[in-house]
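The chain contents come next:
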Amino acid sequence: MNVRRDSRLAFRSSGSEQQTARCEPRHALVRLCRFPPVNMAIRFGPFVLDSESRRLLRDAQQVRLRPKAFDLLVVLATNRPKAVPKSRLLETLWAGTFVSESNLATLVTEIRDALGDNTQAPRFIRTVHRFGYAFCGDAIEVPESAPHPTRRCCLMRDDRPIPLSTGDNILGRDEDATLWLDGPSISRFHARIHVSAAGAVLEDLGSKNGTYLGEHKVTEPMVLKDGDEIRLGLLVLTFRIPREAQSTKTRGKEC
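Residues numbered from 1 in each chain as written. Predicted model: local features only at pLDDT ≥ 70, side-chain atom pairs only at ≥ 80, totals over all residues. Heavy atoms only, no water.

(A) Fine view of the environment of Leu 181. By secondary structure assignment, the location of Leu 181 is in the loop between β14 (179–180) and β15 (191–196). Leu 181 sits in the buried class, given a relative accessible area of 3%. Leaving out residues up to four positions away in the same chain, Leu 181 has contacts with Arg 157, Ile 162, Leu 171, Gly 172, Arg 173, Ile 186, Leu 232, Leu 235 and Leu 237. (Helix = DSSP H or I, 4+ residues; strand = E, 2+ residues; numbered from the N terminus. Buried < 20%, exposed > 50% of the residue type's maximum accessible area, 1.4 Å probe, protein only. Contact = heavy atoms within 4.5 Å.)

In structure tokens, the structure reads:
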């Protein structure tokens, strides 16, 4: 998205008053409205926001957004958790154009509808009264070059594969868990592995005995790689993605 390097004014109106702000060069806008690094996508909940391919995915299925709504979501997600002023958003999205704040509110409504968000109890987009908007959901940046898991990716337990499906895989000892794992150290709903075309992400679900990725306790969503060791309480599992290119000498147990 290009911001014109000229001296025209960007306007926004509030009631009967009209405020003006001089359009700034692109480098000045980026300080407050930065965009994600090249070859990076942003994952939050069941969604993946890919600014390079300009796609919003939910469980590998594209979610439709108009171009400016997509740009607004990119700006808010990239600047998370900071609140971005309305004036800055107007300058970034409508450089050199006369628009009112109602245009911005319309885009926010479109984004919330696409994400299934709620204004009263927001999961992703928060309104900062008389100031602007902020992205409030848990999110991580994942490299687009990461291996793309499919339905064949799995967890290995005692050399036995446990297949993972695209979408959310809930691990626990409750009968309603996606993957039922018995053991006294396993919580009813212990952890979640979300699988999509962009990768696989591990999250702890407030378990009593914790979830570990290698030696690191999982306190926020963490991207999984082939061969990662996952520990749920005392239970140790290995995350695997089949790779046809691996040599037979280095290839371990696969799904």
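(B) Just the sheet that holds β15, in detail. The 5 strands are arranged β14-β13-β15-β16-β19 in an open sheet whose pairing can be described as mixed. In this open sheet, the two strands that pair with only one neighbour each are β14 and β19 (222–223). Pairing geometry for β15 and strand β16 (residues 199–204), over 6 bridges, is antiparallel. Bridging from a neighbouring strand, Val 195 pairs with Ala 200 of β16. (Pairing = 2+ DSSP bridges.)

(C) Just helix α2 (residues 67–78), in detail. For α2, which comprises 12 residues, the first-to-last C-alpha distance of 16 Å matches the rise-based estimate of 16 Å (1.5 Å per residue) to within 8%. Taking burial as the measure, the 12 residues of α2 include 10 buried ones, the bulk of the element. Residues of α2 that are buried include every one of Ala 69, Phe 70, Asp 71, Leu 72, Leu 73, Val 74, Val 75, Leu 76, Ala 77 and Thr 78, and no others. (Expected span 1.5 Å × (residues − 1).)

(D) Spotlight on the packing of α2 against helix α3 (residues 86–93). Where α2 meets α3, the axes come as close as 11 Å, and the angle between the chain directions of the two elements is 130 degrees. Judged on the interaxial angle alone, α3 and α2 are oblique. At the point where α2 passes α3, the crossing takes the right-handed sense. Where α2 abuts α3, its residues Lys 68, Asp 71, Leu 72, Val 75 and Leu 76 lie against Leu 89, Thr 92 and Leu 93. Partitioning the contact of α2 with α3 into residue classes produces 5 nonpolar, 1 polar and 2 charged. (Axes fitted to C-alpha atoms, helices over the stretch in contact; angles between N-to-C directions. Parallel < 35°, antiparallel > 145°, perpendicular 65-115°, else oblique. Left-handed = near helix turned anticlockwise from the far one by under 90°. Nonpolar A, V, L, I, M, F, W, Y, C, P; charged D, E, K, R; others polar.)

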